[in-house]
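# An overview of the molecular structure
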Amino acid sequence: EDQVTQSPEALRLQEGESSSLNCSYTVSGLRGLFWYRQDPGKGPEFLFTLYSAGEEKEKERLKATLTKKESFLHITAPKPEDSATYLCAVQAGETSGSRLTFGEGTQLTVNP
Amino acid sequence: KAGVTQTPRYLIKTRGQQVTLSCSPISGHRSVSWYQQTPGQGLQFLFEYFSETQRNKGNFPGRFSGRQFSNSRSEMNVSTLELGDSALYLCASSSTTNTGELFFGEGSRLTVL
């Protein structure tokens with residue numbers, strides 16, 4: 001059974017204080033790893049797709065990296081508007097279609 | 001371009017009743033997936049429909065069902081509601097199947113009393 005574990009569950013940062021969120025996974029036949037952002041009362045919003053170990057993607061203050069066992073979401077000099085829950089998800093197996101297995105998320109709060 | 005639209009946004013039902021939730025995907029998207037989100041379990045996959053055919057089904061009892069229409073709009077139904085069915089039900093669409101780049105709606109929040 002595919003498993004995704006995210007840590008920490010919650011993280012409080014001061015504005016400008018860089019940090020990293022972790023996503024470790026156990027899957028059979030990884031096809032892709034995805035990062036989403038979810039704001040309160042909203043559905044998740046797609047951020048990144050990573051397909052193979054060593055791959056990196058960047059968007060503004062966010063950078064996602066992937067190894068064979070985990071992914072990191074690095075947040076550089078965060079701003080209060082980066083506060084949200086960040087979700088990691090994996091797509092695995094030949095017949096998975098668009099089925100994703102999600103972690104429970106890291107709730108990030110950035111204080112001004 | 002309009003996003004994914006889910007109706008109703010909020011609803012309250014009692015145990016034993018049934019409920020139907022609706023999802024209109026982004027124009028041109030043919031794949032619709034449904035997820036249940038609860039504080040304890042996180043996001044869990046319910047099912048995916050592509051071109052009116054169910055592609056995948058998650059580990060939920062048969063009380064949970066869905067369908068997709070020829071215009072790609074989708075509905076999910078939960079019969080004989082239980083207290084544990086209280087959750088945020090999220091619909092996501094994508095232009096094709098076999099992608100993890102999903103566009104989510106804002107969800108339908110179901111409370112079962």
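Going along each chain's sequence as written, the residues are numbered from 1 onward. Following the order in which they are written, the chains are lettered starting with A and the ligands numbered starting with 1. For this predicted model, a pLDDT threshold of at least 70 governs which residues receive local features, and a threshold of 80 or more governs which side-chain atom pairs are given and counted, while totals over whole chains, interfaces and linings are taken from all residues. Here the side-chain values reflect all heavy atoms present in the structure, with hydrogen atoms and water set aside.

### Digging into the nonpolar core
Where we set the bar: As used in this record, nonpolar core signifies buried Ala, Val, Leu, Ile, Met, Phe, Trp, Tyr and Cys residues forming a set joined through side-chain atoms within 4.5 Å. Relative accessible area decides the class of each residue, using a 1.4 Å probe on protein chains only: under 20% of the type maximum gives buried, over 50% gives exposed, and in between gives partly exposed. In this description a helix means any DSSP run of H or I spanning at least four residues, a strand means any run of E spanning at least two, and both kinds are numbered starting from the N terminus.
One finds Leu33(A), Trp35(A), Leu73(A) and Tyr86(A) to be the most contacted residues of the largest nonpolar core, which totals 22 residues. Mapped by element, the contributors of at least two residues to this core are strand E2 (10-14), strand E3 (19-26), strand E4 (30-38), strand E5 (45-50), strand E7 (62-66), strand E8 (70-75), strand E9 (84-92) and strand E11 (106-111) of chain A. Considering each element in turn, this core owes the most residues, 4 residues, to E9(A). Residues Ile26(B), Tyr49(B), Leu81(B) and Ala87(B) belong to the second largest nonpolar core, which totals 21 residues.

### What to know about the interface of chain B and chain A
The following threshold applies: The contact criterion used throughout is that any non-hydrogen atoms of two residues lie within 4.5 Å. Buried area: the accessible surface (1.4 Å probe) lost by two parts on joining, summed over both. Any Lys or Arg side-chain nitrogen located within 4 Å of an Asp or Glu carboxyl oxygen qualifies as a salt bridge. In protein, a polar contact requires one atom able to donate a hydrogen and another able to accept it; more generally it is a pair of N or O atoms within 3.5 Å, and residues adjacent in sequence count only if both atoms are side-chain atoms. Each residue is assigned to one class: nonpolar for Ala, Val, Leu, Ile, Met, Phe, Trp, Tyr, Cys and Pro, charged for Asp, Glu, Lys and Arg, and polar for all the others, Gly among them.
Counting residues at the interface gives 29 residues for chain B and 19 residues for chain A. With both chains or domains summed, chain B and chain A bury close to 1,700 Å², and 45% of this area falls on carbon and sulfur atoms. Together, Leu43(B), Gly100(B) and Phe104(B) form the three largest contributors to the area buried by chain B at its contact with chain A, with a combined 27%. Summed over the shared surface of chain B and chain A, the number is 1 salt bridge. In this structure, Glu106(B) engages Lys42(A) in a salt bridge whose closest nitrogen and oxygen atoms are separated by 2.9 Å. One can count 10 residue pairs in polar contact (both at pLDDT 80 or more) joining chain B with chain A. Secondary structure elements with two or more residues in the side of chain B that touches chain A: strand E4 (31-38), strand E5 (42-50), strand E6 (53-57) and strand E9 (87-94) of chain B. Classifying every residue of the side of chain B that touches chain A gives 7 nonpolar, 16 polar and 6 charged.

### Here's the deal with the pattern of salt bridges
All names here are of chain B. Tallying each qualifying case throughout the model produces 10 salt bridges over all chains. The partner of Glu 106 in a salt bridge is Arg 9, and the shortest N-O contact between them spans 3.0 Å. Separated by 97 residues along the polypeptide, Glu 106 in the loop between strand E10 (103-104) and strand E11 (108-112) and Arg 9 in the loop between strand E1 (5-7) and strand E2 (10-13) bring together distant segments of the chain. Measuring nitrogen to oxygen at the nearest pair gives 3.4 Å for the salt bridge that ties Arg 73 to Glu 75.

### A few points about the side chain of Ser22(B)
Residues and elements named next belong to chain B. Examined against the element boundaries, Ser 22 turns out to sit in strand E3 (residues 19-24). Residue classification places Ser 22 among the buried residues on the basis of a relative accessible area of 13%. Here the side chain of Ser 22 touches Arg 73 through a polar contact of 2.9 Å, side chain to side chain. Residues contacting Ser 22, with those up to four places away along its chain left out, are Thr 5, Gln 6, Thr 7, Trp 34, Arg 73, Ser 74 and Glu 75.

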